[in-house]
Amino acid sequence: MARGVGGVLRRAYASRVRILLSTRKFHTFRETDCRSLVPTSRFSSDNPVRIHLPWNDYRFGCFGFGKVRGFSSTVDNNGGNDESDTEDCEESLGSESEDYDEEGVINELGDVDESLVNDSASSETDGNNSVESSEAARALDARYHDRVELYRELKGNEVRSKLQRSEWDTIHEIFGFFTQSGWAANQALAIYIGKSFFPTAVSKFRDFFLEKCKIEVVQDLVRVGPTDAAVRFLFPVFVEFCIEEFPDEIKRFKSVVESADLTKPATWFPFARAMKRKIVYHCGPTNSGKTYNALQRFMEAKNGLYCSPLRLLAMEVFDKVNALGIYCSLLTGQEKKHVPFSRHVSCTVEMVSTDELYEVAVIDEIQMMADPSRGHAWTKALLGLKADEIHLCGDPSVLEIVRKICADTGDELVEEHYERFKPLVVEAKTLLGDLKNVKSGDCVVAFSRREIFEVKMAIEKHTNHRCCVIYGALPPETRRQQANLFNDQENEYDVLVASDAVGMGLNLNIRRVVFYSLSKYNGDKVVPVPASQVKQIAGRAGRRGSRYPDGLTTTLHLEDLTYLIECLQQPFDEVKKVGLFPFFEQIELFAAKVPDMAFSKLLEHFGKHCRLDGSYFLCRHDHVKKVANMLEKVEGLSLEDRFNFCFAPVNIRNPKAMYHLYRFASTYSQDMPVNVAMGMPKSSARNDTELLDLESRHQVLSMYLWLSNQFEEKNFPFVEKVEAMATNIAELLGESLTKASWKMETKEEIIKGQKKEDRGYERPSSLIKLVNKRKEEKFGVKENPKKVTT
Ligand SMILES: Nc1ncnc2c1ncn2[C@@H]1O[C@H](COP(=O)(O)OP(=O)(O)OP(=O)(O)O)[C@@H](O)[C@H]1O
Ligand SMILES: [Mg+2]
């Protein structure tokens with residue numbers, strides 16, 4: 001669209017804004033009047049409309065004043081014709097029957113996809129047509145610059161104009177173009193015309209226009225043709241029409257959108273806002289004393305809260321603080337250990353209570369605010385904790401956003417910057433692809449359970465070292481037992497083989513971190529391990545106060561070394577957004593607007609409808625939806641019960657754990673006492689299948705304990721028995737790992753139930769393929785997969 005037209009259009013919008021703001025009527029509209037549904041701020045040129053949606057911020061314009069790409073580009077840029085996506089529009093004019101899908105209002109906002117956001121009305125015809133059309137558009141704008149007035153005129157017109165066939169066709173084309181305009185669909189959202197209702201609204205508007213329009217307007221519009229300019233000309237008239245014709249639809253959609261409002265999360269915690277809190281950010285790399293210093297303040301305080309990213313770390317602090325003579329209780333999803341007279345609590349961050357008042361709270365690993373799934377727990381703790389002093393420990397990646405949040409909340413921010421006690425040294429020699437080169441005090445890091453065991457078995461077979469193992473699926477008690485075994489000088493276990501589960505905060509006697517590989521499966525494909533994670537893990541080497549204060553790191557293979565060095569040299573990426581997730585009450589409010597909707601759908605639609613400020617994202621909850629789907633068949637659960645069951649810690653890929661969760665929920669729904677109905681293995685595992693079985697049994701017990709903390713005791717009465725079983729299994733797991741000497745079975749072997757002949761240590765084929773692929777990319781040579789024997 002030409003600049004001139006944009007200017008005229010903008011002035012026309014501006015005049016509408018002035019009219020609305022100057023009309024007393026605007027302020028005195030009845031509750032049912034849609035205009036009263038649109039906040040006055042929407043009409044202020046200083047306040048672009050900010051309906052924040054998950055897919056973008058600042059998308060909505062204030063009837064032309066906002067940062068909507070399409071509109072502002074008509075004024076400032078190239079006329080908004082740079083993108084064209086008309087084909088992506090799902091619905092076309094005349095689809096009234098499809099106005100509402102079976103879910104009613106729900107899809108209105110949610111399904112506007114990125115392509116629709118592009119200005120679909122950008123395919124103006126080229127050449128002479130385009131010039132003519134632009135001139136016609138300018139003329140049209142000049143003639144009817146007051147679109148509100150035009151709407152009034154149309155409305156008052158009683159005589160239907162007679163149109164020629166070609167005019168009729170072109171008008172239909174123009175309205176077809178209007179329906180497909182992503183720009184118009186998005187602008188319409190600002191007055192709460194949802195996406196699925198938009199085509200109907202345009203269709204009704206077209207009928208109104210054909211019924212009422214004077215022939216001169218029709219002819220002028222026909223000259224402009226089915227273009228961006230025509231859509232922009234008609235849009236303000238369309239707005240007037242919608243406001244008068246669809247008050248109920250607008251109101252309904254507005255209430256759905258508002259019930260999914262996650263904007264201004266700082267205001268969710270009025271008590272914390274009423275306090276003048278002091279936030280101390282202990283900012284620095286790993287092993288620089290951040291947690292140590294924050295804990296010093298925690299222990300000095302008359303009462304305090306330590307929030308940990310891991311159960312294991314919460315236990316470590318609980319032990320350490322009690323050992324120093326300060327009574328401290330422990331609170332995790334699975335266990336509550338109340339120490340008499342204690343005024344200090346060590347908890348996992350998900351368990352934070354924003355009701356208690358503390359003198360000092362510590363939030364460890366604050367950069368986890370940006371974690372796609374768990375970030376909301378850190379955000380909630382920072383925004384909601386009622387503490388005079390809050391100590392944040394973390395790397396610099398969230399410093400800037402914490403500054404922003406503190407400016408919003410009015411809290412005082414003090415920054416304390418740290419350096420690593422001793423620099424981490426990269427050993428350039430690497431292990432030259434041979435696990436025989438491991439040394440005492442090494443921690444070999446692998447990124448899958450299978451690789452961990454293969455490495456352990458290979459090291460133990462081909463060297464004199466013995467290995468402890470730590471990985472995510474092990475209970476924290478077993479991880480702790482393995483960590484202690486490794487830290488203890490008095491035994492033969494001098495090498496640790498671990499996954500990224502050792503990455504956070506733990507203090508281990510590691511001399512050198514050796515990366516077995518630097519790629520991992522992300523649930524979809526094998527990808528390089530992110531630099532921030534590599535730094536965290538490598539930072540486990542050479543902790544102050546440990547046997548090895550000088551830290552070393554290297555890789556198994558020479559070809560991985562460059563990537564390791566690159567990661568360690570990379571500065572921390574600045575985080576732009578942190579996670580949020582609605583409280584149950586917010587979900588409940590939303591559910592009330594969309595009755596009879598399945599819970600998994602409800603969560604999905606909340607995700608699509610929710611509004612967020614620019615500094616926040618909605619945390620992923622795919623696993624919650626999967627559990628919700630499974631529990632759909634369980635009848636008689638209240639929304640809150642369902643919410644609690646869906647958030648239970650369960651590995652959705654473990655059918656046994658899923659089955660037990662289903663059983664727990666069904667028993668609970670019948671108001672019967674939930675039992676575990678699971679036998680206890682008599683001895684430690686003799687092979688990997690038995691080890692996996694122990695792991696999944698522990699997961700089930702841990703889930704029971706977690707649920708027992710969410711529901712009443714009468715529903716989960718066997719807590720003591722389950723705790724004892726969990727402790728036994730954790731011990732059996734520890735024993736099994738200490739004894740483990742079996743060879744890992746391949747998938748085919750497990751299926752066939754037969755073992756291949758022993759052929760020594762072999763790197764897993766997935767890794768061989770990956771290494772060869774890298775070599776291929778680097779050197780352009782194709783190698784046959786080689787057997788790497790140590
Ligand atoms: N001033 C100190 N005096 C004695 N020991 C200290 C001191 N500061 C830190 N340490 C010890 O150094 C080790 C590393 O400190 P800390 O755990 O606080 O590091 P961090 O910066 O939090 O590391 P990470 O990022 O890995 O969590 C710990 O064992 C801690 O007890
Ligand atoms: Mg720390």
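In this numbering scheme, every chain counts its residues from 1 along its sequence in written order. To label them, take the chains in the order written and letter them from A, then take the ligands in the order written and number them from 1. Two thresholds apply to this predicted model, a pLDDT of at least 70 for residue-level local features and 80 or more for giving and counting side-chain atom pairs, whereas whole-chain, interface and lining totals are computed over all residues. To get the side-chain values, all heavy atoms of the structure are used, and hydrogens and water are removed first.

**Some thoughts on the overall build of the protein**
Along the backbone of the protein there are 31 helices and 18 strands. The contacts in the protein between residues at least 6 apart in sequence include a share of 77% that link residues at least 24 apart. Of the roughly 34300 Å² of accessible surface on the protein, 50% is carried by carbon and sulfur atoms. Strands are runs of DSSP state E lasting at least two residues, helices are runs of H or I lasting at least four, and both sets are numbered from the N terminus onward. We call two residues in contact whenever any of their non-hydrogen atoms come within 4.5 Å of each other. Shrake-Rupley sampling with a 1.4 Å probe provides the accessible areas, and residues are treated as covered by the protein chains on show and by no other component.

**Brief notes about unusual backbone geometry**
At Asn287, a position not held by glycine, the phi torsion is positive, near 55°. In this fold, Asn287 is placed in the loop between strand S1 (278-283) and helix H15 (290-300). Within the chain, Leu432 stands out as a residue other than glycine whose phi angle is a positive 50°. Looking at the secondary structure, you find Leu432 in the loop between strand S9 (425-426) and strand S10 (442-445).

**So, the sheet that holds S9**
Taken in spatial order, the six strands line up as S9-S16-S13-S10-S12-S11 in an open sheet, and their pairing is parallel. The open sheet is flanked by S9 and strand S11 (466-470), the only strands paired with a single partner. Docked against the sheet, helix H21 (residues 531-538) engages S10, strand S13 (512-515) and strand S16 (552-555), running at close to 140° with respect to S13. Any two strands with at least two DSSP-identified bridges between them are counted as paired. For helices, the axis comes from a line fit to the C-alpha atoms of the stretch in contact; other axes are also lines fit to C-alpha atoms, and the angle between any two N-to-C directions lies between 0 and 180 degrees.

**A closer look at the packing of aromatic side chains**
For any pair of aromatic rings, the description consists of the separation of the ring centres together with the inter-plane angle of the planes. Only centres within 6.5 Å qualify two rings of Phe, Tyr or Trp (six-membered ring in Trp) as a pair; their planes then separate them into stacked at under 30 degrees, edge-to-face at over 60, and tilted for everything else. On inspection of all chains with the given rule, the structure shows 35 aromatic pairs. Measuring from centroid to centroid gives 5.6 Å for Phe664 and Tyr704, while their planes differ by 80°, and the two rings are edge-to-face. Here the residue Phe664 occupies a position in helix H27 (residues 655-669), and Tyr704 occupies one in helix H28 (residues 688-710), the gap between them amounting to 40 residues. When a residue's accessible area, from a 1.4 Å probe over protein chains only, is under 20% of the maximum for its type it is buried; when over 50% it is exposed; and in between it is partly exposed. You can call Tyr704 buried: its relative accessible area is 0%. Positioned above the aromatic ring of Trp183, the side-chain terminus of Arg232 is 4.3 Å from the ring centre. Geometrically, a lysine NZ or arginine CZ counts as sitting over a ring once it is within 6 Å of the ring centre and also within 35 degrees of the ring normal.

**Observations regarding the UniProt feature "domain: Helicase ATP-binding" (unreviewed entry) in the protein**
UniProt positions are given in the numbering used here, feature names are shortened, and annotations may be inferred rather than shown by experiment. Mapped onto this numbering, the UniProt entry annotates "domain: Helicase ATP-binding" (unreviewed entry) at residues 271-387. Annotation note: span residues 271-387, helix share 32%, strand share 26%, distance between end C-alpha atoms 10 Å.

**Re the nonpolar core**
Take the buried Ala, Val, Leu, Ile, Met, Phe, Trp, Tyr and Cys residues and link them wherever side-chain atoms come within 4.5 Å; each set so joined is a nonpolar core. Formed by 133 residues in total, the largest nonpolar core has its most connected members in Ile363, Phe645 and Leu707. With nine residues, the single largest contributor to this core is H28. Ignoring any residue separated from it by four or fewer positions in sequence, one finds Ile363 in contact with Cys307, Trp378, Ala381, Leu382, Leu385, Ile390, His391, Leu392 and Cys393. Residues Phe175, Phe178, Phe208 and Val231 belong to the second largest nonpolar core, which totals 49 residues.

**Looking at the site of ligand 1**
Any residue with a heavy atom positioned within 4 Å of a molecule or strand is treated as near that molecule or strand. Neighbouring ligand 1 are 15 residues; Lys290, Thr291, Tyr292, Arg540 and Arg543 lie closest to it. Contact distances for ligand 1 include 2.8 Å between an oxygen atom and a side-chain N or O atom of Thr291. Measuring from a nitrogen atom of ligand 1, one finds a side-chain N or O atom of Arg544 at 3.2 Å. Its free accessible area being 620 Å², ligand 1 has 83% of it covered by the protein chains. Looking at the shell around ligand 1, its residues break down into three nonpolar, seven polar and five charged. Whenever two N or O atoms come within 3.5 Å, that pair is a polar contact, provided that in protein one can donate a hydrogen and the other can accept it, and provided that, for residues adjacent in sequence, both atoms are side-chain atoms. Under the scheme applied here, ten amino acids are nonpolar (Ala, Val, Leu, Ile, Met, Phe, Trp, Tyr, Cys and Pro), four are charged (Asp, Glu, Lys and Arg), and all others, including Gly, are polar.

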